[in-house]
Amino acid sequence: MFGRLLIALITCLGACAALSAPDQPRILLIPLDDRPVSTQLPLLVGEIGGAEVVLPPSELLGWFSTPGDPDRILEWARTECQERPPQAIVVSLDMLCYGGLIASRTASATYDSASRRLQSLDELKEISAGARIYGFGSLMRAAPTGTRSSAAWSELLAKSVRLEDEASASGDAGKALQAAALRARIPVDRLESYALARRRSLRLSKEAIKSVIRDSFDFLVYGQDDAGEFGPHRQELAELKELAKGIRADDRVSFIQGIDQAAALMMARALVEGSGLKPTIQAVWSNPGSKQTRLTYEAIPAGAAVVQQILAAGAVSSDVSDIQLYINSPGASVDQTSDFLQEMKSSATADGWVGLADINLNGSGGSDESLVVQLLGGKWLGSLRAFSAWNTASNASGSAVAALCASWVGDQNGGGAAQRFHAEKKLLLIRLISDWHHHVYTRPAAYKQIEEMQRAVKTELLPDERQAVELLVRTELTLRAHKAFANAFGELSLPDGFEGVRYSRLSNLTIRLPWPRAYELSVDFDLVEGETTREAPSLGKLPL
């Protein structure tokens, strides 16, 4: 009798312990589009932070210039919120309202339809019992999307609107005449459609900001898509900032450079705010003088742009920090780079959170070759918590910030350490393959092949052209991916307490071009390791 009572008591205590254990956060993600930076990147950031991330069926997300299906995505979200209410929803307003980033640059979706979809977020919050909602939208760039049909006029249009704004700011009549001459070469219907899309997007952005004060969003961020010092975005941004300040919503509305990293940043913020913690991040620059430099496709100096990313993720920028973000920036001397690498190595192999954002991007939008060669030669790049070097400075720094915040929060919360470690290292290796091997080596080779094709347009390849280019990319990158793995993880050793995480090879490697152009890259694989024999200890205590 006593034995049965004891067993019953032990069973009850075990059940109570299971009930009291913290649940894995569940986050719904409505992505910007179907590209890996919109889906795979924020998904892995969520996994690094210990969350379950749920995306809509891929067939609802559209493909390249074919818009997604916002109304069916909303149906999916309603069902998910009713059946298993999430703790948070990360939502792209471009997808929700228009069908994706490229669709947002066209006038195909009306303001009325976009507004109706925006208002549906209140319903999602209600049926999910108050899930926190983190929205992100794009501030429309100057250039329309490059396609075969727009190739003859898209750059002319972008140049003309930049010149118009510069002429307005400076009073330079010569620039105004140049802008008018360019506009005369652009089809009238394209000019009208472009202007309509800008007006509609600005109006909807104002509506979204106003909805913050009725708690439709817990936080809303707008990312400046591919900007420069001048362009129509300048006046639009000023109006949106003035509105947010005027209605006292500026503590919950943020503006950043870049849009492709925004989903990852909002995923990190959802993790940070869900944990009740607030990490601090120190930015360590290879060339501190470059903080005052405005880099390509950015409208503000690099130092201010990095701070934007940190704050958007829900972290604090501070010299007394939990996390160190090392930033390889333009103009560093040989001595500065040497000291920078040595300091980063010392920090990375200690028990902290250290990541690298390489914003000294080459002409292909990829990593600084000399820096990565030194990193790989030292055999310790795999010890970093994050690595990123793609497209624009803010795309790179924002991605690294998001991964670092997720890693820090996940470790503070505890649980699932081995799974979080796998996601962290997988994301690091994906970025190394894409940002260095592809952008520095394979993409230039792909562009050369495209140039040799008789009628190919690199912004939108025909099916047979894409197939040929994809074969070249996949063939070369398959070899490079295995080399990247060996260089990053070949000598990654961990203490005995973290058993089963000694990676031996890659398996199930897939490489493809997700869109009909050679710029984006889709990479996926499994990291093969030994058998895990017991729960891993806290990642924060490991020399990673």
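In the block above lies the structure referred to throughout.
Analysis parameters
Residues numbered from 1 in each chain as written. Predicted model: local features only at pLDDT ≥ 70, side-chain atom pairs only at ≥ 80, totals over all residues. Heavy atoms only, no water. Salt bridge = Lys/Arg side-chain N within 4 Å of Asp/Glu carboxyl O. Buried < 20%, exposed > 50% of the residue type's maximum accessible area, 1.4 Å probe, protein only. Helix = DSSP H or I, 4+ residues; strand = E, 2+ residues; numbered from the N terminus. Pairing = 2+ DSSP bridges. Contact = heavy atoms within 4.5 Å. Axes fitted to C-alpha atoms, helices over the stretch in contact; angles between N-to-C directions. Parallel < 35°, antiparallel > 145°, perpendicular 65-115°, else oblique. Left-handed = near helix turned anticlockwise from the far one by under 90°. Polar contact = N/O pair within 3.5 Å; in protein donor to acceptor, adjacent residues only side chain to side chain.

A. Structural context of the pattern of salt bridges. All chains considered together, the criterion is met by 30 salt bridges. Measuring nitrogen to oxygen at the nearest pair gives 3.0 Å for the salt bridge that ties Asp33 to Arg35. Owing to a relative accessible area of 4%, Asp33 belongs among the buried residues under this scheme. Since its relative accessible area comes to 5%, Arg35 is described here as buried. Notably, a salt bridge pairs Asp215 with Arg252, separated by 3.0 Å at the nearest N-O pair. Of this pair, Asp215 sits in the loop between α9 (188-211) and β5 (219-224) while Arg252 sits in the loop between α10 (233-246) and β6 (253-257), and the two are 37 residues apart along the sequence. Assessed through its relative accessible area of 41%, Asp215 is described here as partly exposed. It is possible to trace a salt-bridge network through shared partners that takes in Asp33, Arg35, Asp260, Arg517 and Glu520.

B. Region of interest: the sheet that holds strand β9 (residues 323-328). Taken in spatial order, the five strands line up as β8-β7-β9-β10-β11 in an open sheet, and their pairing is parallel. Pairing within the sheet leaves two strands with one partner each, and these edge strands are β8 (316-317) and β11 (386-388). Of the strand pairs in this sheet, strand β7 (residues 280-285) and β8 are connected by two bridges, and their pairing is parallel. The residue bridging Ile281 from the neighbouring strand is Ser317, located in β8. Docked against the sheet, helix α15 (residues 393-413) engages β7, β9, β10 (353-358) and β11, running at close to 170° with respect to β10.

C. Inspection of the packing of helix α14 (residues 369-377) against helix α16 (residues 417-452) at higher detail. At a closest axis distance of 11 Å, the pairing of α14 and α16 adopts a crossing angle of 130°. Between α14 and α16, the crossing angle belongs to the class labelled oblique. Note on packing geometry: the crossing formed by α14 with α16 is left-handed. Packed against α14, whose contacting residues are Glu369, Val372, Val373 and Leu376, the element α16 presents Leu432, Trp436, Val440 and Tyr441 at the interface.

D. Region of the structure containing the pairing of strand β4 (residues 132-139). Among the eight residues of β4, seven are classified as buried, and the element is accordingly described as predominantly covered. In this structure, β4 lies alongside β5, joined through six bridges in parallel fashion. Bridging across to β5, Ser138 finds its partner in Gly223.

E. Region of the structure containing the environment of Lys425. Summarising the element assignment, Lys425 is placed in helix α16. Counting along the chain gives 40 residues from Lys425 to Arg385, while the straight-line C-alpha distance between them is 7.5 Å. There is a polar contact of 3.3 Å between the side chain of Lys425 and the side chain of Glu424.

F. Inspection of the sheet that holds β6 at higher detail. Ordered by their spatial adjacency, six strands build an open sheet running β2-β1-β3-β4-β5-β6, and the pairing between neighbours is parallel. If you trace the sheet from one side to the other, it starts and ends with β2 (52-54) and β6, each paired once. Neighbour-to-neighbour, the strand axes of the sheet open up by a mean angle of 20°, direction not taken into account. With five bridges joining them, β5 and β6 adopt parallel strand pairing. The residue of β6 that forms the bridge with Gly223 is Ile256. Against the sheet, α9 makes contact with β5 and β6, and its axis sits at roughly 155° relative to β5, the strand it touches most. Lying over the sheet, helix α11 (residues 262-275) contacts β1 (26-30), β2, β3 (88-92), β4, β5 and β6, oriented at roughly 155° with respect to β4.

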